Structure formats: C-alpha cells, structure tokens
Amino acid sequence: MSNEDLATPEFFPATRETALHRMNAFTQNMGKTYASKRNTDFGPENRFNVSCLSPYLSHRLLLEKDVAEAAIEAHGLQTAEKFVQEVFWRTYFKGWLELRPHVWSRYTTTAKSAIEGLSGGQKVAFEEATGGKTGIDCFDQWTHELVETGYLHNHARMWYASIWIFTLKLPWVLGADFFYRHLLDGDAASNTLSWRWVAGLHTKGKNYVARADNIEKHTDGRFNPEGKLAEDPAPLDDDWNGEAGPAPTITPLDKSRKALLLLHEDDLGFDSLDLGGLDVRGIAAITVTDSRSPYGASEPVKQFTIEAVEDALNRADDAMDADAVKLPSPEAILQHAKDIGAEQVVMPYIPQGPVRDRINQAASSWESEGVKRAEILRPEDSAAWPHCAKGFFKLKEKIPSLIKG
Ligand SMILES: Cc1cc2nc3c(=O)[nH]c(=O)nc-3n(C[C@H](O)[C@H](O)[C@H](O)COP(=O)(O)OP(=O)(O)OC[C@H]3O[C@@H](n4cnc5c(N)ncnc54)[C@H](O)[C@@H]3O)c2cc1C
C-alpha cells in the first residue's frame, strides 16, 4: 500500500472497483490506528487515519457489512471495535429515521421555508458562512474544502455544525441543507440527525460545543480560533422526535410476475440482493440528486452520483441477462416497465429521504396501470433497525450478535 492509496482521492472516482481498492488499502488501519487517531483532522492531504469510504457506503457501492467484515477479519472484533461501531452509527441513524419518518418530512418543509424566508442580517450571515467569509479561519477553510472536495472529516463536521448553530446563530436546517447539497456521502438520516445531535435536539438537552483548544489539538495545530467561538451556549429545543413508530413494512416481490429491477442512488448494490429466481426483464436506474434541496445539489455531487449509477448499470448489464438503462426521471419508470413487459417494479428498499419522496410520488399511478411495486429490505437492515428506537447504546449492545447474523 502506498501513501497515495490513502491520500484523499480527488473527487472520489465513483466505481465499485475504487471502493474495493480503497477499502483494501485502509483495512490495515481499521484497528489500533483508527481507534487512536481517528479524531484528528490532519487536513485534506492526509487522510491515513479515516477510511473516506462514506461516499461508497452512502450509495451502497459498498455495504456496511463489507467494511465491518474486512475490519473484523483483519483485526478481530475487539481491536476493530471502534471502526465497527462508527459503521453502526450509520445504521443507527438510518434505523432511527425509519422509525420516525415525520422527522424527515418536518425537516424538508422547515428547510424550504427557512430558505424562502432568508432576508436581512440573517441572509448576509448565511452568505458569509456558505461563501467562506466569516473571518473564522477554520470554518472558512472547511467551507472551501466541503465545496471543492465534497468531503469533510467527521470532527470538522461536528465543529462546523456547532459554530454554525451557536456562534453564527444560523438555523440548523440551513446548515444541514448546505451540507446535503455538497457532501458526496450526503445521507438524509446521518446528515439530518447529526445536525440535530450537535444542536442538542437528538439527545435532548445535550449539545456539542466546539472549543478552540479542542480544535487546535485535533487539527494537529493547524487552527486555533481562540476568542472567536461561543463556548457556553444552551442547547436548542423542539418537539419533533416524538415516539418511535413501527419498523417499515414492505410489499414483498411476487415471483410469478415479470420484473423491472430498479436501482436508485441510495442502493446500487444489485449484486448482493436476494432476487431468488425472479424473472428480471430489464434493469433501470434513476438519480434525483437535485431533490436534495430547493437549491439542488452541487456539481461534484451530481457527477459522483451519475458515475456511481453508470458503474452499477454497466456491471449489471454484464452480470445479468437483461438490458440495463438509465432513465431520465422517476416519472419514466412506468412507461419503461410497460415497454419491456414488466408487471412489477422491484427495488432495493428506499430509506426515508428525497429518493423515497420522489418515487412515492411517481409510483402512485402504477397499481392502476397494472404494475406492482415491490421492495427488498436487506436482512441486515431489518435485523438492526428495531434496535434503533432510542439511543445508540441499545444498538451498540447488539453489534456482536448482529454481525454473526
Ligand atoms: C453534521 C454532520 C453531518 C454528517 N453528514 C453525513 C452524511 O450526510 N452522510 C454520511 O455518511 N455521514 C455523515 N456524517 C457522519 C460522518 O461524519 C461521516 O460518515 C464520516 O466523516 C465519513 O468519513 P469516513 O468514511 O472517512 O469515516 P470513517 O471514520 O472511516 O468511518 C467509517 C464509516 O462509518 C460511518 N460513520 C463514521 N462516523 C459516523 C457518524 N458519526 N455517523 C454516521 N456514520 C458514521 C460512515 O459510513 C463511514 O464511512 C455527518 C456527521 C456530522 C457531524
């Protein structure tokens, strides 16, 4: 493994081959190195201490279990515990939002009205923040890094969100929207709920406060915003969380019906789906990255997603006995299904987020046109999500048994 393998890949080539290469290169660091060094942001040129696998995991060019298994095989669960737990944070946030879909819908309506309502001093502060012109060095640098590379280290994301909310006093939904537009790993659950966690809204009353000395220590001395941060802020409060609802129900696939297999940007892992003898007449994929925000999505995000989808379609075309095509929008799915004689559209489960919102809209007419909708919920998700109703600890306890399957 060369140092080059662990430098930040320029705009992360969006292929499964790159994902596997990066995972294999990082495997040796998933144990003690990760546990002891992961909290430091050494800067964009030096990412030996974190995996940078999130853009691949978010689109499921790699599965969470792929990386957890690689870590455990190389180091054993005890030594790889920190890394595996971080991977399960992703699962936790996904499961938590599945059990509280109303938090996603409240987020989308609140973000939209916050954007529409931007005016006066708040608009100026928002433009300074998103333009990297606040005068807080570290924050401005991270803004440029996010916009240019589509990635930020986890600790930088935490400091950034904290400064946004408590020092700049901007609405958290606007920060979440800004991240979501620019992150290559943009994920409705991890992003929305991490912003809420920093604000003190996810774990009620416990906010994350960015402190100058902690930033200096964990940026390896690159920044020290002494005297510039609000270091004693109160947590925010709202009534969004409510009680957890039931785990999502799905319409299972019907093996007697000819199928169109639909891939989408939340799950491109066609090769690990249990299709169990299904008669697949065609494979199609859609991207709806512009639905992430009223502002759309950044060019690097669009480019990454399109490449990821093309990579999956090319591999599916080679591996399966059916043609694979990219469709222009969810509205084109029904006609394509009819054109290839499919009687059902089968897709990997779509978690809460803009992809689900857009497909739900488009799918409302399918049934009356004789085309059924079916989803495949991966067994690892259905096993983990019921443990995501409360805090992370409940899921953490279950990690050893969930890993054994
Ligand atoms: C405000 C904020 C917004 C965030 N938005 C997103 C987002 O949109 N999409 C996203 O995937 N992650 C998000 N995260 C979580 C985390 O920052 C990234 O997953 C992580 O930095 C990705 O880098 P990596 O692949 O090098 O992580 P590593 O440290 O190498 O971790 C390995 C994998 O574990 C998962 N993971 C690690 N830390 C977390 C975490 N705290 N929460 C959830 N999953 C985690 C990721 O899938 C990651 O690829 C956010 C965190 C914060 C504080």
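The chain has the name Cryptochrome/DNA photolyase FAD-binding domain-containing protein in an unreviewed UniProt entry, where Parvularcula mediterranea is given as its organism.

When the UniProt feature table is mapped onto this chain numbering, "domain: Cryptochrome/DNA photolyase FAD-binding" (unreviewed entry) sits at residues 83–227. Taken end to end, residues 83–227 has its terminal C-alpha atoms 34 Å apart, with 70% of it in helix and 0% in strand.

Our next topic: the nonpolar core. Ranked by internal contacts, the top residues of the largest apolar core, which has 109 residues, are Trp142, Trp164, Leu261 and Ile283. For this core, the element with the highest residue contribution is helix α9 (residues 154–167), accounting for 9 residues. Leave out the neighbours within four places in its chain, and isoleucine 283 touches Leu260, Leu261, Leu263, Leu313, Ala316, Met320, Ala322, Asp323, Ala324 and Val325. Counting residues in hydrophobic clusters, the runner-up holds 18 residues, among them Leu260, Ile350, Val355 and Ile359.

Attention shifts here to the site of the ligand. The full set close to the ligand counts 28 residues, and Tyr34, Ser51, Cys52, Tyr151 and Asn154 are the nearest of them. Residue cysteine 52 places a main-chain N or O atom 2.7 Å away from an oxygen atom belonging to the ligand. One of the side-chain N or O atoms of arginine 157 is found 3.4 Å from an oxygen atom in the ligand. Taken together, the elements giving at least two residues each to the shell around the ligand come down to α3 (54–58), α5 (81–99), α9 and α11 (188–199). Residue classes in the shell around the ligand are distributed as 15 nonpolar, 8 polar and 5 charged. Counting contributing residues per domain, the shell around the ligand is built from domain 1 (3–97 + 384–404) and domain 2 (102–218), each supplying no fewer than three.

Mapped onto the secondary structure, lysine 217 falls in helix α12 (residues 212–218). The class for lysine 217 is exposed, based on a relative accessible area of 61%. Considering only alpha carbons, one finds lysine 217 and serine 382, 165 residues apart in sequence, at a separation of 40 Å.

Okay, the environment of lysine 404 next. Structurally, lysine 404 can be placed in helix α17 (residues 392–404). With a relative accessible area of 74%, lysine 404 lands in the exposed category. The spacing of lysine 404 and tryptophan 142 is 262 residues in sequence and 39 Å in space, taken between C-alpha atoms.

Under the definition given, this model contains 3 cavities of 30 Å³ or more. Within this model, the largest cavity holds a volume of roughly 100 Å³. A domain-level breakdown of the lining of the largest cavity finds at least three residues from each of domain 1 (3–97 + 384–404) and domain 3 (259–376). Quantified by volume, the second largest cavity comes out at close to 70 Å³. Around the second largest cavity, the lining residues are Ser58, His59, Tyr180, Gly186, Glu265, Asp266, Arg292, Pro354 and Val355. Classifying every residue of the lining of the second largest cavity by side-chain character gives 3 nonpolar, 3 polar and 3 charged.

Here the focus is the packing of aromatic side chains. In total, this model carries 27 aromatic pairs according to the counting rule given. For the pair tryptophan 104 and tyrosine 180, a centre-to-centre distance of 6.4 Å together with 90 degrees between the ring planes defines the contact as edge-to-face. With tryptophan 104 in helix α6 (residues 101–116) and tyrosine 180 in helix α10 (residues 172–182), the pair connects residues that are 76 residues apart, well separated along the chain. For the pair shown, tryptophan 104 and tyrosine 180 are each scored as buried. With centroids separated by 6.2 Å and ring planes inclined at 15 degrees, the aromatic side chains of tryptophan 164 and phenylalanine 178 adopt a geometry described as stacked.

So, on to the sheet that holds strand β3 (residues 323–326). Think of a sheet as strands paired side by side through backbone hydrogen bonds, with each pair either parallel or antiparallel. Spatially, 5 strands are ordered β3-β2-β1-β4-β5 in an open sheet, and the strand pairing comes out parallel. The two strands at the open ends of the sheet, each matched to only one other strand, are β3 and β5 (372–376). The mean inter-strand angle of the sheet, taken between neighbouring strand axes irrespective of direction, is 25 degrees. Pairing geometry for strand β2 (residues 280–286) and β3, over 4 bridges, is parallel. In the sheet register, glycine 282 faces β3, and the bridge partner there is aspartate 323. Contacting β1 (259–264), β2, β4 (344–348) and β5, helix α15 (residues 354–363) crosses the sheet at an angle of about 155 degrees to β5.

Turning our eyes to something else, we now look at the packing of helix α8 (residues 137–149) against α10. Axis angle and axis distance: for two packed helices, these are the angle between their axes and the distance between the axes, and together they describe the pair. Packing of α8 against α10 leaves a shortest axis separation of 8 Å and a crossing angle of 40 degrees. Classified by the angle their axes make, α8 and α10 are oblique. Contact with α8, carried on its side by Thr143, Leu146 and Val147, involves Phe178, Phe179 and His182 of α10 and no other residues of that element. Broken down by class, the residue content of the contact of α8 with α10 amounts to 4 nonpolar, 2 polar and no charged.

The parts lose accessible area when they come together, and the size of an interface is often stated as this lost area. What the domain assignment lists for the chain is domain 1 (3–97 + 384–404), domain 2 (102–218) and domain 3 (259–376). If you look at the interface, domain 1 gives 21 residues, while domain 2 gives 23 residues. Carbon and sulfur atoms make up 60% of the area that domain 1 and domain 2 hide from each other, which totals about 2,000 Å². In terms of surface lost to domain 2, no three residues of domain 1 exceed Asp41, Phe93 and Leu97, which account for 30% of the buried area on that side. On inspection of domain 1 and its partner domain 2, the count reaches 3 salt bridges. As a salt-bridge pair, aspartate 187 and lysine 94 come within 2.7 Å of each other at their nearest N and O atoms. Our count for the contact surface shared by domain 1 and domain 2 stands at 12 residue pairs in polar contact (both at pLDDT 80 or more).

Calculation criteria
Residues numbered from 1 in each chain as written. Predicted model: local features only at pLDDT ≥ 70, side-chain atom pairs only at ≥ 80, totals over all residues. Heavy atoms only, no water. UniProt positions renumbered as here; feature names shortened; annotations may be inferred. Helix = DSSP H or I, 4+ residues; strand = E, 2+ residues; numbered from the N terminus. Core = buried A, V, L, I, M, F, W, Y, C linked by side-chain atoms within 4.5 Å. Buried < 20%, exposed > 50% of the residue type's maximum accessible area, 1.4 Å probe, protein only. Contact = heavy atoms within 4.5 Å. Near = heavy atom within 4 Å. Polar contact = N/O pair within 3.5 Å; in protein donor to acceptor, adjacent residues only side chain to side chain. Nonpolar A, V, L, I, M, F, W, Y, C, P; charged D, E, K, R; others polar. Domains from an automatic or database assignment. 1 Å grid on protein atoms, 1.4 Å probe; cavity = no way out; pocket = protein on both sides within 12 Å on 5 of 7 lines; lining within 4 Å. Points joined across faces, edges and corners; volume = space filled by probe spheres on them. Phe/Tyr/Trp six-rings, centres within 6.5 Å; stacked < 30°, edge-to-face > 60°. Pairing = 2+ DSSP bridges. Axes fitted to C-alpha atoms, helices over the stretch in contact; angles between N-to-C directions. Parallel < 35°, antiparallel > 145°, perpendicular 65-115°, else oblique. Buried area = accessible area lost by both parts, 1.4 Å probe. Salt bridge = Lys/Arg side-chain N within 4 Å of Asp/Glu carboxyl O.

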